[in-house]
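Spelled out from the first residue to the last, the chains are:
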Amino acid sequence: MITPPALQKGDAVGIVCLARKVSLEDIQDGVRLLETWGLRVVLGKSVGAEDGYLGGADELRRSDFQQMLDNPEIKAVFSARGGYGTTRILDQIDFSGFQKSPKWVIGFSDITAMLCHLHTLGLESVHGTMPLLMGKPETGEADESLRRILFREPLSYATPANPLNVLGAATGQLVGGNLILLDTITGTASEVEYTGKILFLEDVGEHYYNIDRVLVHLRRLGKLEKLAGLVVGQFSDMKDTAVPFGRDVPQIILEHCGGYGYPICFDFPVGHVERNLALVVGREAMLQVTAESVSLHYTPTRF
């Protein structure tokens, strides 16, 4: 995997809308935070644009992102927010220049599709918080984890044990993100290979039965059998049906993944929550799940 260069103070970074629309006012806290990191913020034309739900027409969002990728002065590109829309433009983007001169691409939620596509091209990216959510007192830990990754500073995570965890240790590239998006890109050019990798999952606002349906689909495709490990993040604001499904998210995941023998940790701080810790998609990491705690850190040579 190719690691983009570390950011330096004085670097220019871009903000675009890959998905849902956003106003300049909505991202001011995020812009100010990036400036305190010593970065120069360049706003794309899609910021403040709108086409119904979307941050401007598909062609505007595509060309905006393309220009940020191709501009050698821009050292990282943030999606302003998630929502929906990334997959509408993904196949029209030319990554040839970007592959020769890579830079960080940052986002999560709907941006999972972009991060996975970059992984298929052999490029690392960051599953992390976005300008809409940054710069607030309650997001300090998420913001700092992202800063450390972008500036190539040492970073490791430790979380409390969960009684449902499956104990064990694993080493492999980190892949994953939003569960529904991972299912959506199956069978497309953005689909990632899961074998031998540490998969991390999160989602928001879904019905329990739909989480089950997606995991059944991935299991039937053989996606879940040969993982090195599984990191279960936050499944926020879950919904049930009038007739209760009868299983919560950990029960659903253990039903479909618990018999394969690889380590599984629950309640990892990644997803649609204030403590959304940044993860490098494509980087080799070590996961250790013990009865006392969970640790996730990158191989020593990469940080």
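Residues numbered from 1 in each chain as written. Predicted model: local features only at pLDDT ≥ 70, side-chain atom pairs only at ≥ 80, totals over all residues. Heavy atoms only, no water.

Draft legend 1. Quick look at the pairing of strand 8 (residues 198-204). Burial analysis of strand 8 places six of its seven residues in the buried class, the great majority of the element. Direction of pairing for strand 7 (residues 168-178) relative to strand 8: parallel, over a ladder of five bridges. Within strand 8, the residue paired with Gly177 across the bridge is Leu201. Relative to strand 9 (residues 229-236), strand 8 runs parallel, the two sharing six bridges. Within the sheet, the bridge partner assigned to Ile198 lies in strand 9 and is Gly229. Remark: the strand 8/helix 8 (residues 208-220)/strand 9 crossover connection has right-handed handedness. (Buried < 20%, exposed > 50% of the residue type's maximum accessible area, 1.4 Å probe, protein only. Helix = DSSP H or I, 4+ residues; strand = E, 2+ residues; numbered from the N terminus. Pairing = 2+ DSSP bridges. Right-handed = clockwise from strand over helix to strand, strands pointing away.)

Draft legend 2. View of the pattern of salt bridges. One pass over the full model with this rule turns up 14 salt bridges. Between Asp29 and Lys136 there is a salt bridge, with its nearest N and O atoms 3.8 Å apart. Of the two residues, Asp29 sits in helix 1 (residues 28-36) while Lys136 sits in the loop between strand 5 (125-127) and helix 6 (140-150), which places them 107 residues apart along the sequence. Overall, Asp29 belongs to the partly exposed group, its relative accessible area being 29%. (Salt bridge = Lys/Arg side-chain N within 4 Å of Asp/Glu carboxyl O.)

Draft legend 3. Representation of the sheet that holds strand 11 (residues 279-281) in the model. Judged by pairing direction, the sheet is mixed, and its six strands sit side by side in the order 2-1-3-4-5-11 without closing on themselves. Each edge of the sheet is formed by a strand with only one pairing partner; in this case those strands are strand 2 (40-43) and strand 11. Adjacent strand axes in the sheet meet at a mean angle of 25° when their direction is disregarded. Seen against the sheet, helix 1 touches strand 1 (12-16), strand 2 and strand 3 (74-79) and runs at an angle of roughly 145° to strand 2. Against the sheet, helix 2 (residues 58-70) contacts strand 1, strand 2, strand 3 and strand 4 (104-107), and its axis sits at roughly 165° relative to strand 1. (Axes fitted to C-alpha atoms, helices over the stretch in contact; angles between N-to-C directions. Contact = heavy atoms within 4.5 Å.)

Draft legend 4. Region of interest: the packing of helix 8 against helix 9 (residues 249-257). In contact at an axis separation of 10 Å, helix 8 and helix 9 are set at 15° when each is read in the N-to-C sense. As the angle between them shows, helix 8 and helix 9 are arranged roughly parallel. Where helix 8 crosses over helix 9, the handedness of that crossing is right-handed. Note on element contacts: helix 9 touches helix 8 through Val249, Ile252, Ile253, Glu255 and His256, opposite Tyr208, Ile211, Asp212, Leu215, Val216 and Arg219. Here the residues of the contact of helix 8 with helix 9 are counted per class, giving seven nonpolar, one polar and three charged. (Parallel < 35°, antiparallel > 145°, perpendicular 65-115°, else oblique. Left-handed = near helix turned anticlockwise from the far one by under 90°. Nonpolar A, V, L, I, M, F, W, Y, C, P; charged D, E, K, R; others polar.)

Draft legend 5. Quick look at the sheet that holds strand 9. Strand order across the open sheet formed by seven strands is 6-13-12-7-8-9-10, with mixed pairing between neighbours. Each edge of the open sheet carries a strand with a single partner, namely strand 6 (156-160) and strand 10 (264-265).

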